[in-house]
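Close look at the chain arrangement
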Amino acid sequence: MSENTFEIAKEIIAPGKLRRFELPVSRLATQTLVSLPVTVVNGVEPGPKLWLSAAIHGDEINGVEIIAQILGRINPQKLRGTIIAVSIVNVFGFIEQSRYLPDRRDLNRSFPGSESGSLASQLANLFMREIVQRSTHGIDLHTAAVHRINLPQIRANLKDETTYRCAKAFGAPVMMHASTRDGSLRHAATRKGIPVLLYEAGEALRFDPLAIEVGVKGILQVMNCLEMYQEDLVSRVSDSWETNNSKWIRASCGGIFHLEVNLGEKVTRRQELGYITNAFGERRVAVRASVTGLVISHIQNPLVNQGDAIIHLAII
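Residues numbered from 1 in each chain as written. Predicted model: local features only at pLDDT ≥ 70, side-chain atom pairs only at ≥ 80, totals over all residues. Heavy atoms only, no water.

Overview of the pairing of strand 19 (residues 309-315)
- Of all 7 residues making up strand 19, 6 are buried, and the element is well covered by its neighbours.
- With 5 bridges joining them, strand 12 (residues 246-250) and strand 19 adopt antiparallel strand pairing. The partner of R250 across the bridge, within strand 19, is A309.
- Summarising the sheet, strand 17 (residues 293-299) and strand 19 pair through 5 bridges and their orientation is antiparallel. Bridging across to strand 19, L294 finds its partner in A314. (Buried < 20%, exposed > 50% of the residue type's maximum accessible area, 1.4 Å probe, protein only. Helix = DSSP H or I, 4+ residues; strand = E, 2+ residues; numbered from the N terminus. Pairing = 2+ DSSP bridges.)

Some thoughts on empty space enclosed by the protein
- The final tally for this structure, using the stated rule, is 1 cavity of 30 Å³ or more.
- In this structure, the largest cavity encloses a volume near 50 Å³.
- L50, H137, G138, I139, T163, C166, P195, V196, L197, V222 and L226 together form the lining of the largest cavity.
- Those elements giving two or more residues to the lining of the largest cavity turn out to be strand 7 (137-142), helix 4 (161-170) and strand 10 (196-202).
- Examining the composition of the lining of the largest cavity, we find that 3 residues originate from one element, strand 7, more than from any other.
- In terms of residue class, the lining of the largest cavity is made up of 8 nonpolar, 3 polar and no charged. (1 Å grid on protein atoms, 1.4 Å probe; cavity = no way out; pocket = protein on both sides within 12 Å on 5 of 7 lines; lining within 4 Å. Points joined across faces, edges and corners; volume = space filled by probe spheres on them. Nonpolar A, V, L, I, M, F, W, Y, C, P; charged D, E, K, R; others polar.)

Re the packing of aromatic side chains
- Summed over all chains, the structure comprises 3 aromatic pairs.
- Taken together, a centroid distance of 6.3 Å and an interplanar angle of 80° make the contact between F111 and F127 edge-to-face. Here F111, found in the loop between helix 2 (91-96) and helix 3 (119-130), pairs with F127, found in helix 3; they are 16 residues apart in sequence, far enough to count as distant. The same class applies to F111 as to F127, namely buried.
- Feature note: the residues W51, F111 and F127 constitute an aromatic cluster, connected by ring pairs.
- Above the plane of the ring of W248 lies R148, whose end atom (NZ or CZ) is 4.5 Å from the centre.
- Geometry around Y275 places R284 over its ring, the cationic atom sitting 3.9 Å from the centre. (Phe/Tyr/Trp six-rings, centres within 6.5 Å; stacked < 30°, edge-to-face > 60°. Lys NZ or Arg CZ within 6 Å of the ring centre and 35° of its normal.)

Re the side chain of Q153
- Position of Q153 among the secondary structure elements: in strand 8 (residues 148-156).
- Side-chain polar atoms of Q153 contact the backbone oxygen of L151, separated by 2.8 Å.
- Within the structure, the side chain of Q153 is placed 3.0 Å from the side chain of R155, a separation counted as a polar contact.
- For Q153, the contacting residues outside a window of four places in its chain are A172, V174, M176, L198, Y199, E200 and I296. (Polar contact = N/O pair within 3.5 Å; in protein donor to acceptor, adjacent residues only side chain to side chain. Contact = heavy atoms within 4.5 Å.)

A short note on unusual backbone geometry
- That bond from F111 to P112 is cis: its omega, 5°, falls within 30 degrees of zero.
- Structurally, P112 is set in the loop between helix 2 and helix 3.

Details of the pairing of strand 4 (residues 33-42)
- Of all 10 residues making up strand 4, 8 are buried, and the element is well covered by its neighbours.
- Bridge analysis of strand 3 (residues 17-27) against strand 4 gives 10 bridges, and the strand direction is antiparallel. The partner of L18 across the bridge, within strand 4, is V41.
- Here strand 3 folds back onto strand 4, and the loop between the two strands holds 5 residues, one of which, Q31, carries a positive phi near 75°.
- Examined bridge by bridge, strand 4 and strand 6 (residues 80-86) share 4 bridges and lie antiparallel to one another.

Let's talk about the side chain of E203
- Considering the arrangement of structural elements, one finds E203 in the loop between strand 10 and helix 6 (209-225).
- An unpaired buried charge is present at E203: no salt bridge exists, and R206, the closest side chain of opposite charge, is 4.9 Å distant.
- Beyond its immediate stretch of four places on either side in the chain, E203 contacts N62, T143, A144, R148, I149 and Q300. (Lys, Arg positive; Asp, Glu negative; His and termini not counted. Salt bridge = Lys/Arg side-chain N within 4 Å of Asp/Glu carboxyl O.)

So, the state of the cysteines
- For the structure shown, the criterion picks out 0 disulfides.
- We note that C225 lacks a disulfide partner, and the nearest cysteine sulfur, in C166, lies 5.0 Å from it. (Disulfide = S-S within 2.5 Å.)

Okay, structure coming up:
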């Protein structure tokens, strides 16, 4: 075999080639086989092995389109290293338009998984074994949970030099230092020494043009930073707000929330961000910022209960 031949799941990908195949996961009650769709682009020269993943939560679909656009733009003959792309990790949730697996487990709380555990645990184990362990770097693509929207942002361990360099190269409007959460893909991969960026942008079950544009551009810029690929059409890296902390502003009472700020807007402490009324537009209760920060997320559903997290501020 050639020096730069790439092998995964018994598939052999020659240098300068793109190959699509499926990793069997399980059968449904109807005996229909469900598989993990994988695309490998193997460059002509050895280099970093970058995995791209999306739809770990099945209703977070922006990343599916981001990966599709990346694969459509990459010329394997100009690539150094390898791209391992899994655009739909939670196939079950994607089909059902649900965040979860059929047993209501959250796949991103099930890593690194096991061969004999729950369906979530087995799927996590398969992804770790076949994708993560063959990679040197990773980018995991997410959106906000249902009824929320996120400003494009990178969450990563910014105290790690390699991860920080990649996060800065991505050029999202915000990059936030965030510790890993037990059971997450980022936590499991980081424990294996793999630098991982988590991209959050847009909302569930919607294509967000800005989120997709920033995601595609960001991945190409990271690949340029890693000396994997150079594309002349990608503009220079954008500056990012850098933060170590964030704070959710919560509803002080139940009612109908009227938002008065936009994603990406800088707000000051005590500034009115919106207000809550009853169903008749009466009893206006102001919602104010408790810190100076940048609006990086807010709810989309105006119906709120007391204590609901309604606006997320990156502290700057």
